[in-house]
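Single-letter residue listing:
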Amino acid sequence: MADKDLGDIANVTVKREGPTRRQLFELGAGLGLMLTLTPSGAFAQGKSELTIAIPADLGGWDQDYLAFDLVGLAVMKNCYPYMIEYGVKDQDGAAVMDTSNIVPVFAESWKGDAEGKVWTLKIRKGVKFPSGNELTARDVKWSKDRAFAAKANVAGVYRMIGLTEADQVQIVDDYTVQFTQAQPSDLSSHIQIISLYVFDSEELKSHATPDDPWAKEWTTKNPQSGGAYNVVDYKPGQEIVMEANPSFPSAKPRVARVKLQVIPAAANRRLLLEKGEVDIALGLSRRDINDMRNSKGIKVISSPSNEFVFMPMAMGTAPFDNPKVRQAMAHVVPYDAIVTNVYGGNARRSTSPVPLDMPGHSSKGYPFSFDIDKAKALLAEAGMSDGFESEIAILAGDVAQERAAVLVSSAARLAGIELKITPLDPGTLFQRRREKTIPLQIASGQMWVNDIEYLLATSLTPGGFLNYAGYDSPRLVEIFQVLNKTSDMATRHTLFDEVQTILARDVPWLVLAQPHFDLPVAARVSGWVQPVDGLLRLRYLDA
Amino acid sequence: MLAPVLVGVSIFCFLLIRVLPGDPILSIVPETATQADIDRTRAQYGLDRPLVEQYGAYMVGVVQGDFGNSIQTNRPIVDQIAERLPRTLELVVLGFLLALIMAIILGLFAARNAGRIGDHLARVGALVANSLPEFWLGLVLILVFFAALGIAPGPTGRISSGIDFEVITGSLIIDSIITGNMDALVSTLHHLMLPVLTLGVIVVAPMMRSVRASALQVMQSESYRCATAHGLRPNKLLYGYLLRETMVRVPTLAALVLGNLIGGSVLVEFVFSWQGFGQWALRGLLLRDYPVIQAYVLVTASFYVVAFLVADVVQAALDPRIRV
């Protein structure tokens, strides 16, 4: 795509940035030749164009086979056609995604039967991919067949709602597809919001080979389009240029053209934003963001987020196998100091392992406050009056985790607990988490499905990939199995309540805070909608 | 020479990265993955097989030019090397040439002014430059030349956004010359300015010291003193007697510096958003992407061997007493 014509260059402003001869001399003879030459062709930033600095390029363009790559997933959320999406609501003056409101995007309608087991997708007619092929039920069926064949991302998520075989997805007519689940589920729509993206099947089939029937090789290298934005240029490792899709069937994107520039160093992303070279800088540290709050021409968008920061304790290993010790730990965490000092006040105090704003959240899930005397008393009950020594593992280079770990270890020392802080690189951290060999660690999570059943499946039951604590409560597993088959909201909420009573007793995690999402942007940028999955939606942005 | 070195390096690297803690498969499976999913993914990449079998299969592929697929991106390693390596080579070769030119000029200047203020200044200056962390120097240069003076482009990669170019060799300088794309050439050279200067400044010191020491030795030789005593012009002395003799000793050290730059340019690439070979390898190392790390080590080792081979040839050309 690097050699693709960028089209109309009438809106290009040529800038002369060359130095004087005197400056050349001062800079040294060795680079003289380079310095005499000046660049041209920088795009003027018009009202309908945004430039966003991102920390990394995406790993590939094939969402069925993409590793957990947040940059890649964020880009794909904007350029793949997703059939359904969450609506938007106001929360404390900020626009956030409303997980109780599912709206059709490329779909005309999305409905389940009375039981919640058979779901029917009706697609809008006349929607076309950039290739000119019309998006039909055949594309949906082929895309889901491909996802099941991949046995990776979507196939794994679909298992939660009883979709395990390609035959469970059937074409009814050219614009209607039916999904027949093995069991009814209250999560069906939420899971489909994550999973119901569609490929241009005719285009991909033209690149398939007998050895590669799903065109994996072609798809991973070539940008996919047809969503809110189409990718019009991709320079690997440098930039992705997207333009609003004229065929997008929902409310049209407000910004016509978006450039994502790959700038790995956070210091450079900040500098480019301050110099007005980019409009949004993603992935800056909280310290950088706080420094920029009063910068001229920059504003910081702050929005309540569903990201939660917690400290799982290895429940199968002493001393954290003792519930009294875990309760004592819950009393040594300086919660208010963490909100103030780590997040600069831009965070909410968590009051349950079930995140704030998740339906069913109750503050009975975590009835603990900073109280060293109570902690000492609980340690005495556990037969550990002299305290103990342990380790807090953090992700190397994560400043927020490091500062939270320092605050927790300092407070724990008051109760006689010595905690050594151990930074781990990602590879080691993944492995030790899987082996459950980390006694105490700092982690953060953002549930893509805003539901306690999903939280239990991924994080609080045996086999859950994010169950870093190694938590195994037979009653919780029973509740999870009941939730899996129950759509009745009254029953579900009763069970949600019981879940949090159990969590308050067992204390698998120390819940630290729920930080706001803070984003420094150029003053002209508006329209930010806080996504529930952390993947920015470009179509709402305005400039 | 190349084959035994590469076989040895490949075995060492293959074993070493597997001793490191960290499982690459855990970084690519989704949060809903079960143990069965993890086992199946591991089998897809052949990581469930015995080590000897894995190594054998890997080397059979390497001999056929197939380095496998990246675990993180599922893309062929060969494609990624073809994409990344030319970017780093362009940067490193220019940085090296700049350092070499500066080293020769400063080294000869210091030798001819040995013991005087110019000599001291050149030596101390080179030593200070050598002591600067490249990450820090790169950021300072960006702040001065981009943020303050506005004469350098922002650290946004290899070329200005919006300039179209055709990729043929992967080197933007060569490609833009081949295609006659002057906009791309000018922008590329402008973007190369600061990273090349950073690399050059960082590595100039050892080569400068070598040139100076070598030149001093030549200046004390009988032939040079005889030429001086005969009253030859300074230019004749410099180009006819001093330069060539001095250069005889430089190629070996230069090869070492060049090899080191190819393997060690990662921080400069990071600061200048270069997305080169080193940055690719660093990400591979952090996520234990075995095929990426193995390919990086093999390619870097190959460059060392080739650089030393070239150095031997150059040295033989400069000094007829040496036979390759």
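All values derive from a computational prediction rather than experimental measurement.

Participant: Any chance you could explain the overall build of chain A here in plain terms?
Facilitator: Along chain A, the regular secondary structure elements total 18 helices and 20 strands. Scaling as 2.2 N^0.38, a compact globule of 543 residues should have a C-alpha radius of gyration of about 24 Å, and chain A matches this with 25 Å. Summarising its shape, the C-alpha atoms of chain A cover approximately 75 × 70 × 45 Å along the three principal directions. Looking at the 543 residues of chain A, the share that counts as buried comes to 59%. For chain A, the share of sequence-separated contacts (at least 6 apart) that also reach a separation of at least 24 residues comes to 69%. Positive and negative side-chain charges of chain A, numbering 57 and 65 respectively, have mean locations separated by a distance of 3 Å.

Participant: Even after reading the chapter, I still don't get helix 18 (residues 489-506) of chain A, so can you show me in this structure?
Facilitator: An α-helix turns once per 3.6 residues; consequently, residues spaced three or four apart project the same way. All names here are of chain A. Here helix 18 spans 25 Å end to end across 18 residues, near enough to the 26 Å set by a 1.5 Å rise per residue. Residues Arg-492, Leu-495, Phe-496, Val-499, Gln-500, Ile-502, Leu-503, Ala-504 and Asp-506 constitute the buried set of helix 18. Buried residues along helix 18 sit in contact with helix 11 (323-332), helix 16 (452-460) and helix 17 (474-483). Of the residues flanking the end of helix 18, it is Val-507, one or two places downstream, whose phi is positive at about 45°.

Participant: I'm lost on helix 8 (residues 182-219) of chain B in this one. Help?
Facilitator: Residue and element names in this part refer to chain B. Taking 1.5 Å of rise per residue, the 38 residues of helix 8 would be expected to cover 56 Å, yet its terminal C-alpha atoms sit only 46 Å apart, more than 12% below that figure. The largest bend in helix 8 amounts to roughly 45° and is located at Val-204, with the proline Pro-206 lying one to four residues further along. Of all 38 residues in helix 8, 28 are buried, a share of seventy percent or more.

Participant: In this structure, what is going on with the packing of aromatic side chains? I would like to understand it.
Facilitator: We describe a pair of aromatic rings using the distance from one ring centre to the other and the angle between the two ring planes. Going through the model one piece at a time under the given rule, you end up with 22 aromatic pairs over all chains. Arranged with centres 5.8 Å apart and planes meeting at 75°, the rings of A:Trp110 and A:Phe179 form a pair that is edge-to-face. Note that A:Trp110 is positioned in strand 4 (residues 107-112) and A:Phe179 in strand 7 (residues 176-180), a separation of 69 residues in sequence. Assigned by exposure class, A:Trp110 and A:Phe179 land together as buried. Each member of the aromatic cluster is reached from another via a ring pair, and the members are A:Tyr80, A:Tyr82, A:Tyr197 and A:Phe199. Just above the ring of A:Tyr335 sits the side chain of A:Arg349; from NZ or CZ to the centre is 3.8 Å. In this arrangement the basic side chain of B:Arg18 is found over the ring face of B:Phe14, its NZ or CZ atom lying 3.7 Å from the centre.

Participant: I keep staring at the interface of chain B and chain A and nothing clicks. Help me out?
Facilitator: How big an interface is tends to be stated in terms of accessible area lost as the parts join. Counting residues at the interface gives 63 residues for chain B and 63 residues for chain A. Between chain B and chain A lies a buried interface of about 5,600 Å² when both sides are counted; carbon and sulfur atoms form 61% of it. Here chain B and chain A share 15 residue pairs in polar contact (both at pLDDT 80 or more) between them. Those elements that place two or more of their residues in the side of chain B that touches chain A are helix 2 (35-44), helix 4 (77-112), helix 6 (134-148), helix 8, helix 12 (266-271) and helix 13 (277-286) of chain B. Counting residues per element, the side of chain B that touches chain A draws most heavily on helix 8 of chain B, at nine residues. Its residues assigned to classes, the side of chain B that touches chain A shows 31 nonpolar, 19 polar and 13 charged.

Participant: Just checking my understanding: could you explain the confidence of the model for chain A for this structure?
Facilitator: Parts of the prediction with low pLDDT should not have their coordinates interpreted in detail. Considering every residue of chain A, the mean pLDDT works out to 87; 91% of them sit at 70 or more. Mean pLDDT values over the elements of chain A span from 35, in helix 1 (residues 21-27) of chain A, up to 97, in strand 7 of chain A.

Participant: How should I be thinking about the environment of A:Ile479 in this particular structure?
Facilitator: All names here are of chain A. Within the secondary structure, Ile-479 is located in helix 17. Taking the C-alpha atoms as reference, Ile-479 lies 8.7 Å from Phe-496; in sequence the two are 17 residues apart. Apart from the residues lying within four places of it in its own chain, the contact partners of Ile-479 are Leu-495, Glu-498, Val-499 and Ile-502.

Participant: What exactly am I supposed to notice about the sheet that holds strand 13 (residues 308-312) of chain A here?
Facilitator: Through backbone hydrogen bonds, the strands of a sheet pair up, either in parallel or in antiparallel fashion. Residues and elements named next belong to chain A. In spatial order, the strands read 14-19-13-18; together these four strands make up an open sheet with antiparallel pairing. Each edge of the open sheet is held by one strand with a lone partner, namely strand 14 (347-348) and strand 18 (443-445). Bridging between strand 14 and strand 19 (residues 509-515) involves two bridges; their strand directions are antiparallel. By the bridge assignment, Ala-347 is partnered in strand 19 with Pro-515.

Participant: How should I be thinking about the side chain of B:Thr246 in this particular structure?
Facilitator: Mapped onto the elements of the fold, B:Thr246 is located in helix 10 (residues 234-247). When residues no more than four places from it in sequence are discounted, the contact partners of B:Thr246 are B:Leu108, B:Val211, B:Ser214, B:Ala215 and B:Val218.

Participant: I keep staring at a nonpolar patch on the surface and nothing clicks. Help me out?
Facilitator: Together, B:Val7, B:Ile11, B:Leu15 and B:Leu51 line one region of the surface with nonpolar side chains, adding up to about 300 Å² of accessible area. For the nonpolar patch, the element with the most residues is helix 1 (residues 2-19) of chain B, which contributes three residues.

Participant: Could you clarify how one ought to interpret the nonpolar core in this entry?
Facilitator: Note on soluble globular proteins: their nonpolar side chains tend to be buried together. Formed by 162 residues in total, the largest nonpolar core has its most connected members in A:Phe179, A:Met329 and A:Leu510. One finds B:Ala99, B:Ile151, B:Val218 and B:Phe272 within the second-largest nonpolar core, a separate group that totals 66 residues.

Calculation rules
- Numbering of residues begins from 1 in every chain and follows the order in which that chain's sequence is written.
- All chains are assigned letters beginning with A, and all ligands numbers beginning with 1, in the order in which they are written.
- Owing to the predicted nature of the model, reporting of local features is limited to residues with pLDDT of at least 70; listing and counting of side-chain atom pairs is limited to 80 or more, with chain, interface and lining totals taken over all residues.
- With hydrogens and water set aside, each side-chain value is computed from the structure's full complement of heavy atoms.
- Secondary structure elements follow DSSP: runs of H or I no shorter than four residues count as helices, runs of E no shorter than two count as strands, and numbering proceeds from the N terminus.
- The globule rule used here is 2.2 Å times the number of residues to the 0.38 power, and the radius of gyration it is set against is calculated over C-alpha atoms.
- For every residue, the accessible area (1.4 Å probe, protein chains only) is compared with the maximum for its type, and the residue is labelled buried under 20%, exposed over 50%, or partly exposed between those bounds.
- Two residues form a contact once any of their heavy atoms are found within 4.5 Å.
- Charged-residue counts in this description rest on Lys and Arg as positive and Asp and Glu as negative, His and the chain ends being excluded.
- Positions of charges follow a simple convention, taking NZ of Lys, CZ of Arg, CG of Asp or CD of Glu.
- Take the residue count of a helix, subtract one, and multiply by 1.5 Å to get its expected span.
- A residue's bend is the angle separating two fitted axes: one through the seven residues that end there, the other through the seven that start there.
- In this scheme Phe, Tyr and Trp rings, the latter by its six-membered ring, pair at centre separations within 6.5 Å, and the angle between planes marks the pair as stacked below 30 degrees, edge-to-face above 60, and tilted otherwise.
- A ring has a charge above it when a Lys NZ or an Arg CZ is no more than 6 Å from the ring centre and no more than 35 degrees off the ring normal.
- The term buried area denotes the loss of accessible surface (1.4 Å probe radius) that occurs when two parts are joined, taken as the sum for both partners.
- Residues adjacent in sequence count toward polar contacts only when both atoms are side-chain atoms; beyond that, a polar contact is any pair of N or O atoms within 3.5 Å, and within protein one must be able to donate a hydrogen and the other to accept it.
- For this scheme, ten residues count as nonpolar: Ala, Val, Leu, Ile, Met, Phe, Trp, Tyr, Cys and Pro. Four count as charged, namely Asp, Glu, Lys and Arg, and the remainder, Gly too, count as polar.
- Per-residue confidence from the prediction method is given by pLDDT, with values spanning 0 to 100.
- Note: two strands are recorded as paired if DSSP finds a minimum of 2 bridges between them.
- Without a salt bridge and with relative accessible area above 30%, a residue can belong to a patch; like charges are then joined within 9 Å and nonpolar side chains (Val, Leu, Ile, Met, Phe, Trp, Tyr) within 5 Å.
- Surface accessibility in these figures is a Shrake-Rupley result with a 1.4 Å probe; residues are shielded only by whichever protein chains are displayed.
- Counted as salt bridges are all cases of a side-chain nitrogen of Lys or Arg within 4 Å of a carboxyl oxygen of Asp or Glu.
- Residues belong to a common nonpolar core when they are buried Ala, Val, Leu, Ile, Met, Phe, Trp, Tyr or Cys residues joined through side-chain atoms within 4.5 Å.

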